[in-house]
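Now for the letters of each chain:
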Amino acid sequence: MVRYFENGAGELVSDALSGFARAHADLVAYDPVEGYVTARHPAPARRVGLLSGGGSGHEPLHAGYVGAGMLDAACPGRVFASPHNRQIFRASRAVAGPGGVLHIVKNYTGDRINFGIAAERLADAGVPCARVLIDDDLASDSAQIAAGRRGTGATVLVEKVLGGAADTGMGLAELADLGTALTARCRTLAVASAAHHAPADGEPAFTLPPGVLEYGVGIHGERAERTRDQTDVAGLVEEMAGSLLDALGPGPDDPVVALVNGLGSVTALELYGIFGELGRFLDSRRVRLARHLVGDYVTALDMRGFSLTLMVADPAVLRFYDAPVRTPTLRW
């Protein structure tokens, strides 16, 4: 059993958001009544507000990406639970520009429902709204999964590119089309050697024998279709990245952006070793690694695992990716 450091049941998320807002008071504001975070200094040229959200427990997603050059607002739900449609509606009203608001939504049933209700309410209020649905998880790409691929690590890359595009004054329809095209060019795979522990009872979501990996695990602890022996990192990365490249099929001149993401309990030592193997594998396949992020960007509480995300880019996408950003997590 793992016991979390918290004041009491049900207070972990609200206490964390309060502390987060104080720590980054120069960048974000937190509304404790409505339960959302907004950027203090959005780009003046931005005509469309960008909003995302989802269950807590994936920090720094999404609040860590609120700020100039990225999101205008984030709506955190309870741990691994969708935000309420009321949160989404009121946050959308708060950050909508003259061109409306774009919702960036990970493909989970609760998120789709609540963002959908909020969008209907926004339409009734006369606020233009569109959606980009993130569905990058290769492990859930199966005809047997009615909901379709889950939304995972690509969310960070899509939010960054759309933030750069929105700062040029791009309109709602253009941003929605760009986001949809980007998502189609992203795929992610995750593995774990141990599950996260739920704050409510401190018990692991699943158990594995020593030396075995859950291959294709979800960021809420969803079990994969198969397990795999935990062998050397080079072989594991080659299998994972090879599957991503096979799914994406980049051309010989297509650069890629890579995200090597820790799921909560993997050390920086391991993540940089994984990134080194990824770089060597991409070199061997003559795929140009144009940009990269290495670290904890989309976690799953304290899950011991990591994910790899590849996004096929082009010069315009790289320009938007490189555009200035100032958030609690990403700054350049």
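Participant: Which parts of the structure should I look at to understand the nonpolar core?
Facilitator: Buried together is how nonpolar side chains tend to be arranged in soluble globular proteins. Within the largest apolar cluster, 64 residues are counted, with the highest numbers of intra-cluster contacts made by L102, L162 and L175. Setting aside residues up to four positions removed in sequence, L162 forms contacts with L50, L102, I104, V132, L175, L178 and G179. Within the second largest apolar cluster, 28 residues are counted, among which are L236, L245, V256 and L308.

Participant: Looking at this model, I keep getting lost on empty space enclosed by the protein. Mind explaining?
Facilitator: If you roll a probe as big as a water molecule over the atoms, it shows you where there is empty space left. Inspection of the entire model under this criterion finds 1 cavity of 30 Å³ or more. Contributing to the lining of the largest cavity are D137, T152, G153, T188, A190, V217, G218, I219, N261, L263, V298 and S307. Here the residues of the lining of the largest cavity are counted per class, giving 5 nonpolar, 6 polar and 1 charged.

Participant: Looking at this model, I keep getting lost on the sheet that holds strand β1 (residues 28-31). Mind explaining?
Facilitator: Two modes of strand pairing occur in sheets, parallel and antiparallel, and in both the strands are linked by backbone hydrogen bonds. In spatial order, the strands read β1-β2-β4-β3-β5-β6; together these 6 strands make up an open sheet with mixed pairing. Among the strands making up the open sheet, the edge pair consists of β1 and β6 (129-134). Strand-to-strand twist of the sheet, defined as the mean angle between neighbouring strand axes without regard to direction, takes the value 20°. Across the sheet, helix α1 (residues 12-23) lies against β1, β2 (36-39), β3 (49-56) and β4 (73-79), angled at about 150° from β1, the strand it touches most. Seen against the sheet, helix α3 (residues 109-124) touches β3, β5 (101-106) and β6 and runs at an angle of roughly 165° to β5.

Participant: Teacher, can you tell me more about the environment of G221 here?
Facilitator: Relative to the elements of secondary structure, G221 occurs in the loop between β8 (212-215) and β9 (226-229). For G221 and A192, which are 29 residues apart along the polypeptide, the C-alpha to C-alpha distance reads 9.3 Å.

Participant: What's the story with the packing of helix α4 (residues 154-166) against helix α5 (residues 172-184) in this structure? I'm lost.
Facilitator: Axis angle and axis distance: for two packed helices, these are the angle between their axes and the distance between the axes, and together they describe the pair. Relative to each other, α4 and α5 sit at 155°, their axes nearing to 10 Å. One element, α4, and the other, α5, form an angle in the roughly antiparallel class. Taken as a pair, α4 and α5 cross one another with a handedness that is right-handed. Residue-level contacts link V158, V161, L162, A165 and A166 of α4 to L175, L178, G179, L182 and T183 of α5. Its residues assigned to classes, the contact of α4 with α5 shows 8 nonpolar, 2 polar and no charged.

Participant: How should I be thinking about the sheet that holds strand β10 (residues 256-262) in this particular structure?
Facilitator: Read from one edge of the open sheet, 6 strands run β9-β8-β7-β12-β10-β11, paired in mixed fashion. Among the strands making up the open sheet, the edge pair consists of β9 and β11 (289-295). For this sheet, the mean inter-axis angle between neighbouring strands, taken without regard to orientation, is 20°. With 7 bridges connecting them, β10 and strand β12 (residues 304-312) associate as antiparallel partners. Across the sheet, the residue bridging to N261 is S307, located in β12. Contacts from α4 reach β7 (186-194), β10, β11 and β12, with the element oriented near 40° to β12. Sheet strands in contact with helix α6 (residues 233-248) are β7, β8, β9 and β12, and its direction is about 155° off that of β7.

Rules and cut-offs
Residues numbered from 1 in each chain as written. Predicted model: local features only at pLDDT ≥ 70, side-chain atom pairs only at ≥ 80, totals over all residues. Heavy atoms only, no water. Core = buried A, V, L, I, M, F, W, Y, C linked by side-chain atoms within 4.5 Å. Buried < 20%, exposed > 50% of the residue type's maximum accessible area, 1.4 Å probe, protein only. Contact = heavy atoms within 4.5 Å. 1 Å grid on protein atoms, 1.4 Å probe; cavity = no way out; pocket = protein on both sides within 12 Å on 5 of 7 lines; lining within 4 Å. Points joined across faces, edges and corners; volume = space filled by probe spheres on them. Nonpolar A, V, L, I, M, F, W, Y, C, P; charged D, E, K, R; others polar. Pairing = 2+ DSSP bridges. Helix = DSSP H or I, 4+ residues; strand = E, 2+ residues; numbered from the N terminus. Axes fitted to C-alpha atoms, helices over the stretch in contact; angles between N-to-C directions. Parallel < 35°, antiparallel > 145°, perpendicular 65-115°, else oblique. Left-handed = near helix turned anticlockwise from the far one by under 90°.

Scope: geometric values only; no functional claims are made or implied.
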